[in-house]
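For reference, the chains in residue letters:
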Amino acid sequence: KMGRGHAFGIHEALDQTGAMLGPLLVAAMIFFGKGYRASFAVLAIPAVLGLAMLVVTWNSYRSPEKLSGHAPELSTKNLPRSFWLLIAGVGCLALGYADFALMAFHFNRHGVLSAAWIPACYGIAMGVQGLSSFLFGRYFDRWGAKSLLLAAVPAIAFAPLAFLGSAAWAFAGVALWAIGLGAQSTVMKALVAEVVSADRRGSAYGMLNCAYGALWFAGSASMGWLYDRSLLGLVIFSVAAQAAALPALFSLTRKNG
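First things first, this report covers the structure right here in the doc. (Residues numbered from 1 in each chain as written. Predicted model: local features only at pLDDT ≥ 70, side-chain atom pairs only at ≥ 80, totals over all residues. Heavy atoms only, no water.)

### Observations regarding the side chain of Ser185
And then number 1: For Ser185, the position within the fold is in helix H8 (residues 167–195).
And then number 2: Here the side chain of Ser185 touches Gly182 through a polar contact of 2.9 Å, landing on its backbone oxygen. (Helix = DSSP H or I, 4+ residues; strand = E, 2+ residues; numbered from the N terminus. Polar contact = N/O pair within 3.5 Å; in protein donor to acceptor, adjacent residues only side chain to side chain.)

### Some remarks on the packing of aromatic side chains
And then number 1: Applying the stated criterion across every chain, the model contains 14 aromatic pairs.
And then number 2: Geometrically, the ring pair formed by Tyr212 and Trp216 is edge-to-face, given 5.9 Å between the ring centres and 80° between the ring planes. One end of the pair is Tyr212 and the other is Trp216, both in helix H9 (residues 201–227) and four residues apart, which spans about a single turn.
And then number 3: With a relative accessible area of 9%, Tyr212 lands in the buried category.
And then number 4: Relative accessible area serves as the criterion here: at 18%, Trp216 is assigned to the buried category.
And then number 5: Among the aromatic side chains, those forming a connected cluster through ring pairs are Tyr97, Phe100, Tyr122, Phe158, Trp177, Tyr212 and Trp216. (Phe/Tyr/Trp six-rings, centres within 6.5 Å; stacked < 30°, edge-to-face > 60°. Buried < 20%, exposed > 50% of the residue type's maximum accessible area, 1.4 Å probe, protein only.)

### Side note on the pattern of salt bridges
And then number 1: A complete count under the given rule lists two salt bridges for this structure.
And then number 2: The closest approach of N and O atoms between Lys189 and Glu12, which form a salt bridge, is 2.4 Å. Of the two residues, Lys189 sits in helix H8 while Glu12 sits in helix H1 (residues 4–31), which places them 177 residues apart along the sequence. (Salt bridge = Lys/Arg side-chain N within 4 Å of Asp/Glu carboxyl O.)

### What about H1?
And then number 1: The terminal C-alpha atoms of H1, which comprises 28 residues, lie 41 Å apart, in line with the 40 Å expected from a rise of 1.5 Å per residue.
And then number 2: Buried residues of H1: Gly5, His6, Gly9, Glu12, Ala13, Gln16, Gly22, Pro23, Val26, Ala27, Met29 and Ile30, and no others.
And then number 3: On its buried face, H1 is in contact with helix H2 (35–60), helix H5 (117–143) and H8.
And then number 4: Following H1 by one or two positions, Gly33 adopts a phi angle in the positive range, close to 80°. (Expected span 1.5 Å × (residues − 1). Contact = heavy atoms within 4.5 Å.)

### A short note on the packing of H1 against H5
And then number 1: Contact pair H1 / H5: the axes reach a minimum separation of 7 Å and the direction vectors enclose 170°. Regarding the angle of H1 to H5, the classification is roughly antiparallel. (Axes fitted to C-alpha atoms, helices over the stretch in contact; angles between N-to-C directions. Parallel < 35°, antiparallel > 145°, perpendicular 65-115°, else oblique.)

### A few points about a nonpolar patch on the surface
And then number 1: A grouping of Leu21, Leu24, Trp117, Ile124 and Phe171 is seen on the molecular surface, where their side chains present a nonpolar patch of about 450 Å² in accessible area.
And then number 2: Contributions of two or more residues to the nonpolar patch are made by H1 and H5.
And then number 3: Secondary-structure assignment places Phe171 in helix H8. (Patch = residues over 30% accessible without salt bridge, like charges linked within 9 Å, V, L, I, M, F, W, Y side chains within 5 Å. Areas by Shrake-Rupley, 256 points an atom, 1.4 Å probe, with all protein chains shown as cover.)

### A few points about the nonpolar core
And then number 1: Of all hydrophobic cores here, the largest spans 61 residues; its most connected members are Phe83, Met103, Phe107, Phe163 and Trp177.
And then number 2: Here this core gets twelve residues from one element, more than from any other, and that element is H8.
And then number 3: Contacts of Trp177, omitting those with residues within four sequence positions, involve Tyr97, Ala98, Phe100, Met103, Ala125, Met126 and Phe158. (Core = buried A, V, L, I, M, F, W, Y, C linked by side-chain atoms within 4.5 Å.)

### With respect to the state of the cysteines
And then number 1: For the structure shown, the criterion picks out zero disulfides.
And then number 2: Here Cys92 stays free of any disulfide, with the sulfur of Cys210 as its closest cysteine sulfur at 16 Å.
And then number 3: For Cys92, a relative accessible area of 22% puts it in the partly exposed group. (Disulfide = S-S within 2.5 Å.)

Structure follows, in structure tokens:
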């Protein structure tokens, strides 16, 4: 009733709220001279609380597959063409998406940001990602797959800004990176629920996450290798991989709004 995009948007926004508060806490402790050792010790507290909530949830819902009234059949057969277009599109986006760790290494190595500002930048990025997840979830309920394209096109510019620019441009690049990531995390999940029948969604989500993670790993490894040889080569690789996603995303918008 609330809309798939809205539901996944809230889920991602809550996820990123924690992802924002943790790095900001680390930044504050470094600023006050406590160091990384004390920072990670404090972060153990929400980690333990998260595991405790997981145990409580598991005890409350031992058989979640029965909540819908039947046990779904997990299979990869008869998945629609739109699903494969989605994998192709977000897979290319993931291939061209640098991990924040590489950007943080660059910021520190070249003095773009100070040591205290790097975790603060990451925390702010997680906040931007959470807000982006929520907003693009609402946009998905109105515009369908076009909402992913709306975020993916400007996000292509994140690598030139983050790796070739000064501090101000680097912040802009990280912001575009976070907006694109937020839109991807919400819209691709909502699209799976939209185009795949309920009895195939378990397999579909598993395949999507597997492809997305494997290609992000491959892209991050490639960009790490390129970083030691040519920053411009890294940027070209990132831009080209993300641009390669656009034909599949355009096709997806024609099929699903």
